[in-house]
Amino acid sequence: MAIELTDANFDQLVMKSDKPVLVDFWAEWCGPCRMVGPVVEELSKDYAGKAVIGKVDVDSNPNISAQFGIRNIPTILFFKNGQVVDKQVGAVGKSVLAGKIDAQLK
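The text that follows walks through the structure, step by step, so that each part is easy to find. Treat the numbers as computed from the prediction; the structure is a model and nothing was measured.

### Focus: the pairing of strand E2 (residues 21–26)
The buried count for E2 comes to six of six residues, which makes it a mostly enclosed element. Side chains Val-21, Val-23 and Phe-25 project from E2 onto one buried face, and the interleaved Leu-22, Asp-24 and Trp-26 project onto a second face that is buried too. Examined bridge by bridge, E2 and strand E3 (residues 52–57) share six bridges and lie parallel to one another. Counted as the bridge partner of Val-21 is Val-52 from E3. Pairing geometry for E2 and strand E4 (residues 75–80), over five bridges, is antiparallel. Bridge pairing in E4 places Val-23 opposite Leu-77.

Here is the structure:
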C-alpha cells in the first residue's frame, strides 16, 4: 500500500528518505486521480523495499501542496536525496511512472 503522506510526516518520510520517493498529489473528487490511484498502489508493491511510494491528499494537506507549487492534479513528484528530480502532471500509464522510478534507482 502507498503511504499516506501528511503535512506532519512528509519531512521525515520523503525529505529524509535514503531511497527514491514517488509522491502522488491527488484529491477524492479528481477523476484522473482515481485512474492513477490503482497504478500507484501497484507500484508500491512492485518497488517495496527499493523505493518509497506515497500519496498526498491536497485537500487535507495544503501546506505540502503549496510548498511544491501543486496547481494541477494528479501531479506526481519524484524525489531523491530530498530534492525533486522529476515530475509528471496528468494521468499516465504504469510504464511511464515505473521508468521514472527506475531512472532514480540507477
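### Points about the environment of Phe-79
On the secondary structure map, Phe-79 appears in strand E4. The sequence separation of Phe-79 and Val-23 amounts to 56 residues, and the corresponding C-alpha distance is 7.9 Å. Those residues in contact with Phe-79 that sit more than four places away from it in its chain are Phe-10, Val-14, Met-15, Pro-20, Val-21, Val-23, Phe-68, Val-84 and Val-85.

### Focus on the pattern of salt bridges
For the coordinates displayed, the defined rule picks out five salt bridges. Notably, a salt bridge pairs Glu-42 with Lys-94, separated by 2.9 Å at the nearest N-O pair. Of this pair, Glu-42 sits in helix H2 (residues 31–46) while Lys-94 sits in helix H4 (residues 94–105); the two residues are 52 residues apart in sequence, bridging distant segments of the chain. Of the charged contacts, one joins Asp-86 and Lys-100 as a salt bridge, the two residues approaching to 3.2 Å between their closest N and O atoms. Placement of Asp-86 in strand E5 (residues 83–89) and of Lys-100 in helix H4 is noted, with a sequence separation of 14 residues between them. Residues joined in a network through salt bridges with shared partners are Glu-42, Asp-46 and Lys-94.

Rules behind the numbers
Residues numbered from 1 in each chain as written. Predicted model: local features only at pLDDT ≥ 70, side-chain atom pairs only at ≥ 80, totals over all residues. Heavy atoms only, no water. Buried < 20%, exposed > 50% of the residue type's maximum accessible area, 1.4 Å probe, protein only. Helix = DSSP H or I, 4+ residues; strand = E, 2+ residues; numbered from the N terminus. Pairing = 2+ DSSP bridges. Contact = heavy atoms within 4.5 Å. Salt bridge = Lys/Arg side-chain N within 4 Å of Asp/Glu carboxyl O.

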